[in-house]
Amino acid sequence: MASPYTPIIAGVAQYTQRRTVEHPLDPLGLMEKVCREAFLDAGNEKVRDLVDSLQVVNLFQWPYRDAPGMLAEKLGLGPGERYYTPIGGNTPQLLVNRACRALAAGRVRAVLITGAEAVYSVRRALKGELRLDWPKSEPPGRIDGEERQSVSDLEGAYDLFFPATMYPLIETAIRAASGRAPDEHRLFMAGLWERLSKVAAANPHAWSRVAMSASEIAAVTPDNRYIAYPYVKHMVANINVDQGAAVLLTTTEEADRLGISREKRVFPLGGGDFYDVWYVTRRPSLDRSPAIRHASRIALDQAGLEPDDIDAFDLYSCFPSAVQIAMREMGISETDPRPISLTGGLSFFGGPGNNYSLHAIAEAAQTVRRDRGKKVLVNANGWYITKHSVGVYGGEPPVNPWVERDDSSVQRAIDAEALPEPEAEARGVLRVEAYVIRHDSAGEPALGTVLGRLADGSRTLAHIQAGKEELLEMERTELVGAEGRVGFSSELVRNIVSF
């Protein structure tokens, strides 16, 4: 018999603010809208009176001094907990897992999770297309949860803070491990993204609803230029969107008391949360993620399921490397016909900052409501395939209850695999493990950076000493595995490698 404290998703809502709206809502307004709609979706607005935890996903473009407090006031709520997350695309699923444990323990009666971005409207305003009459934006007064520098000082020195630079570096390591030639691999990535595009085309909440073929996605054109090799524009998360989502959780006991329809109830069946070796340049293998492997295994074990029992996935899709690594760690083959996205992915559905996966969770709930026999898995990713949260959803109560579980031994084992810090000042022969070539706004190659091993096995980073034509040749052939001479430039305060 299921516990009366069994967590359920009772209400969900999403909203995409379209491009032509004359008076766009700010992120706070978007959150207010979807929260109210989530209460309505639950079928009994009295559930709002139960909310004793309001959790807001970190705002990327237009933050507020106290987003949870301001939102609580707008909604007329008085929650005992007002939580504002650190940066990370993993946080929506992490919050659901956290909420389920609190609900199951009886510490809270209902949890409302929300987030939104309005980057598109901000950019319209910067172009002079409209005037924003929004509440003042200012840095948050408090962030709850752990904040940690995303890159090492050395990684920062090579501008790897930008996801559009770090993820391409990871992608070339994946490509080399696959054995595919550069052109073959570009088409493979485009094939994955074609699958996402088709889902987005059928999703009324998607920002871009035009289905694209793999050949269109792979083609390098002025409108689909390289952002950073090997990624063209269509393969990169689109943050230039206005989107919000909300998820309302409570327990079966409270749902019974309020008469919330059983058809509305969706059960979180299991969850797991881990992070990989924090700094990318210290990971033993750039094409692997022990954290995803363990988080998905633990979530499925809690749900009493095997990977083959899952009917559909939403794999975090900021860049193709994130999807490929998740598929590999979860045992999803390249030819597996099951959906890998419920939304259409961050390139086509939209990538609203840290909040994308809350949309995926809302879609998971709707998928289960349409067919209560379906099982859905969502994986959410923060930073550079660094922070991971996994959730499994279904139409029946979980096999194993939500409890406070100590997974610290697993995390310690992952952390113990970290390699030593890369050499800041390197000299000698360098063998390339991964590389990225940044392109300028005209689509021309501008600067290459490699991660590689020195003769003694230690790692280092270096910028490539090469002109445009040489960089273009490095895009046509496989540079991973090549050897070059590296030295430290005291003038540039960087390592320089030549081939």
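Residues numbered from 1 in each chain as written. Predicted model: local features only at pLDDT ≥ 70, side-chain atom pairs only at ≥ 80, totals over all residues. Heavy atoms only, no water.

A. Spatial organisation of the pairing of strand 2 (residues 51-56). Taking burial as the measure, the 6 residues of strand 2 include 6 buried ones, the bulk of the element. As defined by bridge partners, strand 2 adjoins strand 4 (residues 110-118) across 5 bridges and the pair is classed as parallel. From the neighbouring strand, Gln-55 faces strand 4, where its bridge partner is Ile-113. Across 4 bridges, strand 2 lies against strand 3 (residues 81-84) in parallel orientation. (Buried < 20%, exposed > 50% of the residue type's maximum accessible area, 1.4 Å probe, protein only. Helix = DSSP H or I, 4+ residues; strand = E, 2+ residues; numbered from the N terminus. Pairing = 2+ DSSP bridges.)

B. Region of interest: helix 15 (residues 468-476). Along helix 15, the residues classified as buried are Leu-471, Leu-472, Met-474 and Glu-475. Along the long axis of helix 15, the arc covered by the buried residues comes to 155°, so they all point the same way. (Arc of directions from axis to C-beta.)

C. Representation of the packing of helix 7 (residues 182-201) against helix 11 (residues 320-330) within the structure. Two elements in contact, helix 7 and helix 11, have axes whose closest approach is 10 Å; the angle formed by their N-to-C orientations is 80°. The orientation of helix 7 relative to helix 11 falls into the category roughly perpendicular. Side by side, helix 7 and helix 11 meet where His-185, Phe-188, Met-189, Leu-192 and Trp-193 of the first sit next to Pro-320, Val-323, Gln-324 and Met-327 of the second. In the contact of helix 7 with helix 11, the residues fall into 7 nonpolar, 2 polar and no charged. (Axes fitted to C-alpha atoms, helices over the stretch in contact; angles between N-to-C directions. Parallel < 35°, antiparallel > 145°, perpendicular 65-115°, else oblique. Contact = heavy atoms within 4.5 Å. Nonpolar A, V, L, I, M, F, W, Y, C, P; charged D, E, K, R; others polar.)

D. Representation of the sheet that holds strand 10 (residues 376-382) within the structure. If you walk across this open sheet you meet the 4 strands as 8-11-10-9, and the pairing is mixed. A strand with exactly one partner marks an edge of an open sheet, and here the two such strands are strand 8 (267-275) and strand 9 (312-315). Between one strand axis and the next, the sheet turns through 10° on average, direction left out of account. As judged from the 7 bridges shared by strand 10 and strand 11 (residues 387-394), these two strands associate in the antiparallel manner. Pairing of Ala-380 across the sheet is with Ser-389, part of strand 11.

E. The arrangement of unusual backbone geometry in detail. The omega angle of the peptide bond from Tyr-229 to Pro-230 is 15°, so this bond is cis rather than trans. Tracing the chain through its elements places Pro-230 in the loop between strand 5 (226-229) and strand 6 (231-232). With phi around 60°, Trp-383 is a residue other than glycine that occupies positive phi space. Mapped onto the fold, Trp-383 is located in the loop between strand 10 and strand 11. A positive phi angle is found at Val-493, which is not glycine, with a value near 55°.

F. Inspection of the sheet that holds strand 2 at higher detail. If you trace the 5 strands from one edge of the open sheet to the other, you get 1-7-4-2-3, paired in mixed fashion. If you trace the sheet from one side to the other, it starts and ends with strand 1 (7-16) and strand 3, each paired once. Mean inter-strand twist for the sheet, computed between neighbouring axes without regard to direction, equals 15°. This element, helix 3 (residues 91-104), spans strand 1, strand 2, strand 3, strand 4 and strand 7 (242-251) of the sheet and lies at about 20° to strand 7.

G. Broad picture of the pairing of strand 16 (residues 494-498). In this sheet, strand 16 lies alongside strand 14 (residues 459-464) in parallel orientation, the contact comprising 2 bridges. Across the sheet, the residue bridging to Ile-464 is Val-497, located in strand 16. Here 5 bridges tie strand 15 (residues 483-489) to strand 16, and the two strands are oriented antiparallel to one another. Looking at strand 16, one finds that Arg-485 is bridged to Ser-498. Linking strand 15 to strand 16, which pair antiparallel, is a turn of 4 residues; within it Val-493 sits at a positive phi near 55°.

H. Main features of helix 13 (residues 356-370). Between its terminal C-alpha atoms helix 13 stretches 22 Å, which fits the 21 Å expected from 15 residues at 1.5 Å a residue. Of all 15 residues that make up helix 13, 13 are buried, and the element is covered over most of its length. (Expected span 1.5 Å × (residues − 1).)

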